[in-house]
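The residues making up each chain are set out below.
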Amino acid sequence: MIWFQLQSLMGSYPLALRGLGMTIALSGISLVLGTILGFAFGVLRTSGSRLLDSAIGLWVDLIRGTPFLVQIFLIFFILPELGVELDAFTAGIIALTNLAACFICEIVAAGIRSVPTGQVEAALASGLSQWQRMRQVVLPQAMRVSLPPLVGQYVLLIKDSSVVSAIGLTDLTRVGWLVVQRVPNGLLVFAIVGIGYFAVCYPLILLARRLERRMSAAHGEVQL
Amino acid sequence: MIEFRGVNKWFGALHVLKDITLSVEPREVVVVCGPSGSGKSTLIRCINGLETIKDGDLVVDGQRLGDRATNMTELRTEIGFVFQAFNLYPHKTALENVTLAPIHVRKIARAEAEASGREMLAKVGLADKFNAYPSELSGGQQQRVAIARCLCMRPKIMLFDEPTSALDPEMISEVLDVMVGVAEERMTMMVVTHEMGFARKVAQRVVFMDAGAVVETGTPEEFFSDPKTDRSRAFLSKILRH
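The structure presented is a predicted model; accordingly, all values stated were derived computationally and were not measured. (Residues numbered from 1 in each chain as written. Chains lettered and ligands numbered in written order. Predicted model: local features only at pLDDT ≥ 70, side-chain atom pairs only at ≥ 80, totals over all residues. Heavy atoms only, no water.)

A. Here's a closer look at the UniProt feature "domain: ABC transporter" (unreviewed entry) in chain B. With numbering matched to this structure, UniProt assigns "domain: ABC transporter" (unreviewed entry) to residues 2-236 of chain B. End C-alpha to end C-alpha, residues 2-236 of chain B measures 26 Å, and it is 37% helix and 26% strand. (UniProt positions renumbered as here; feature names shortened; annotations may be inferred. Helix = DSSP H or I, 4+ residues; strand = E, 2+ residues; numbered from the N terminus.)

Shown next, in the form of structure tokens:
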């Protein structure tokens, strides 16, 4: 029986690969965009403008305080009502990028705030401009603090990407749902889906652990 | 070079600078002393705009602070500031610390900046520490890098905010020696310190502050041998007793 099911599963491997590819593409693009946006938000939050700080803070709280599924539905079903036509993939990218940016913003802002004031004062006193202070003095030190939680956050976001199956994207999770209709062994099918996610996330988990260990030893900038 | 005219500053309800009027001439070395909390650090932090003043005029190198026309970032490039806690950049080597501002602010070519950076580090006695990170240096060495970092900008004014207060006793003299060297090159200097030996050796004037006000100014000889106010006498008896 199991043998028969396994054989039948083997037959669906092209679909499984497509699902894995979709999960990786969606997460990869969203994490890159989300990181860029998250850094920009994090820097803006700590730039000294109270208005910007509270505006970004409110948005971050809003996103962190609502389920990702609800956010995806809002983007996928509400935006077209307003005349913005979206395919599921774009909607997924927008939703996941936004979620990533919000979490990464908080990690980056916390890292920036952890840099001692004396560092900023020293940079200020030697005449560095605001951007130079950020780029040369503050961010490299903030990164030391931020990098391990940042990589940890990536793992969480990759797993959150499974929610996009709800709007019909054929990612790893949805492939599981499709296959289980043909091969009625949920345990087996979703164990394999789980292994798929783990294969993507485990290297990142190892990287985060390695970075954390380096952090305690290094005096300088973090080198990957 | 530096002129305070009726400067006042408050931290909330605390009146930290009370009607300060004081001027420092070019190439003059002025030592500021006084009990802790007397406002001496705040006083020199105002000069490069790390603190802002509430009222009165503060003119530095011909530019009035707080004026629209005064570009604070530009003015700061002419003013070296040495901190009590050194504040070296921990992620950069000694050489990178001293060349950062010359390269990025002064736009000096890297090779040239590094050559003069090495020269400056050698001058403060750290010829063998170019590639050391701050965490690998002693307090005295870190403070000497910090002084070299300021000097590499070829400033017109050097400000020192208790540069030896965070140091172990045996490291104080190596830093003071470097400061004496800077003073002998006729730098305009304002130094907040309790190192009275240093004051006697290089200062043209000593300013004594208490509770946010300048209580007494005079030459080191006048101030140490014949203090004019009760407050300064009490202060000197405490720090010179040992």
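B. Quick look at the packing of aromatic side chains. The tally for this structure, following the rule as stated, stands at 8 aromatic pairs over all chains. Considering the side-chain rings of A:Phe198 and A:Tyr202, the 4.8 Å spacing of their centres and the 25° angle between planes classify their relative orientation as stacked. Remark: A:Tyr202 and A:Phe198 occur in helix α9 (residues 186-217); sequence separation between them is 4 residues, near one turn of the helix. With a centroid separation of 4.7 Å and an interplanar angle of 50°, the aromatic rings of B:Phe81 and B:Phe83 are classed as tilted. Both residues of the pair, B:Phe81 and B:Phe83, count as buried. (Phe/Tyr/Trp six-rings, centres within 6.5 Å; stacked < 30°, edge-to-face > 60°. Buried < 20%, exposed > 50% of the residue type's maximum accessible area, 1.4 Å probe, protein only.)

C. Main features of the pairing of strand β7 (residues 157-161) of chain B. Residue and element names in this part refer to chain B. Burial analysis of β7 places 5 of its 5 residues in the buried class, which makes it a mostly covered element. Burial of the side chains of β7 extends over both faces: Ile 157, Leu 159 and Asp 161 are buried on one face and Met 158 and Phe 160 on the other. Bridge count for strand β6 (residues 79-82) against β7 is 4 bridges, and the pairing is parallel. Across the sheet, residue Gly 80 finds its bridge partner in β7, namely Met 158. Alignment of β7 against strand β8 (residues 188-192), held across 5 bridges, turns out to be parallel. (Pairing = 2+ DSSP bridges.)

D. Expanded view of the interface of chain A and chain B. The interface is formed by 19 residues belonging to chain A together with 25 residues belonging to chain B. With both chains or domains summed, chain A and chain B bury close to 1800 Å², and 57% of this area falls on carbon and sulfur atoms. Scanning the region where chain A abuts chain B turns up 1 salt bridge. Among the salt bridges present, the one from B:Arg45 reaches A:Glu121, with a minimum N-O distance of 2.6 Å. Inspection of the region where chain A meets chain B yields 7 residue pairs in polar contact (both at pLDDT 80 or more). Looking at the side of chain A that touches chain B, the elements that each hand over two or more residues are α6 (117-125) and α7 (130-160) of chain A. No other element matches the 7 residues that α6(A) contributes to the side of chain A that touches chain B. Across the side of chain A that touches chain B, the residue classes break down as 7 nonpolar, 10 polar and 2 charged. (Contact = heavy atoms within 4.5 Å. Buried area = accessible area lost by both parts, 1.4 Å probe. Salt bridge = Lys/Arg side-chain N within 4 Å of Asp/Glu carboxyl O. Polar contact = N/O pair within 3.5 Å; in protein donor to acceptor, adjacent residues only side chain to side chain. Nonpolar A, V, L, I, M, F, W, Y, C, P; charged D, E, K, R; others polar.)

E. Representation of the UniProt feature "transmembrane region" (unreviewed entry) in chain A within the structure. Following the UniProt record, the feature "transmembrane region" (unreviewed entry) maps to residues 20-44, 56-79, 91-112 and 186-207 of chain A here. The distance separating the terminal C-alpha atoms of residues 186-207 of chain A is 32 Å; by composition the span is 100% helix and 0% strand.

F. Layout of the sheet that holds strand β9 (residues 205-210) of chain B. All names here are of chain B. An order of β6-β7-β8-β3-β9-β10 is seen for the 6 strands of this open sheet, with the pairing classed as mixed. Edge positions in the open sheet fall to β6 and β10 (213-218), since each of these has one partner strand only. Ignoring which end each strand starts from, the neighbouring axes of this sheet average 15° apart. Looking at chain direction, strand β3 (residues 29-33) and β8 are connected through 4 bridges and run parallel. Residue pairing for β8: Val 30 is matched across the bridge by Met 190. Each of β3, β9 and β10 is contacted by helix α9 (residues 230-239), which is oriented at about 100° to β9, the strand it contacts most. (Axes fitted to C-alpha atoms, helices over the stretch in contact; angles between N-to-C directions.)

G. Geometry of the confidence of the model for chain B. Residues at a pLDDT of 70 or more form 99% of chain B, whose mean pLDDT is 93. In the predicted complex, the global pTM is 0.86; the interface-specific ipTM is 0.91. (pLDDT = per-residue confidence, 0-100.)

H. Local environment of the packing of helix α2 (residues 13-45) of chain A against helix α3 (residues 50-64) of chain A. All names here are of chain A. With their axes 8 Å apart at the nearest point, α2 and α3 run at an angle of 135° to one another. Put simply, α2 runs oblique to α3. Contacts from Phe 41, Leu 44 and Arg 45 in α2 reach Leu 52, Asp 53, Ile 56 and Gly 57 in α3. Per-class residue counts for the contact of α2 with α3 are 4 nonpolar, 1 polar and 2 charged. (Parallel < 35°, antiparallel > 145°, perpendicular 65-115°, else oblique.)

I. Local environment of a positive patch on the surface. Residue and element names in this part refer to chain A. A surface patch of like charges, here positive, comprises Arg 209, Arg 210, Arg 213 and Arg 214. Mapped onto the secondary structure, Arg 214 falls in helix α9. The exposure class assigned to Arg 214 is partly exposed, which follows from its relative accessible area of 37%. (Patch = residues over 30% accessible without salt bridge, like charges linked within 9 Å, V, L, I, M, F, W, Y side chains within 5 Å. Areas by Shrake-Rupley, 256 points an atom, 1.4 Å probe, with all protein chains shown as cover. Lys, Arg positive; Asp, Glu negative; His and termini not counted. Charge placed at Lys NZ, Arg CZ, Asp CG, Glu CD.)

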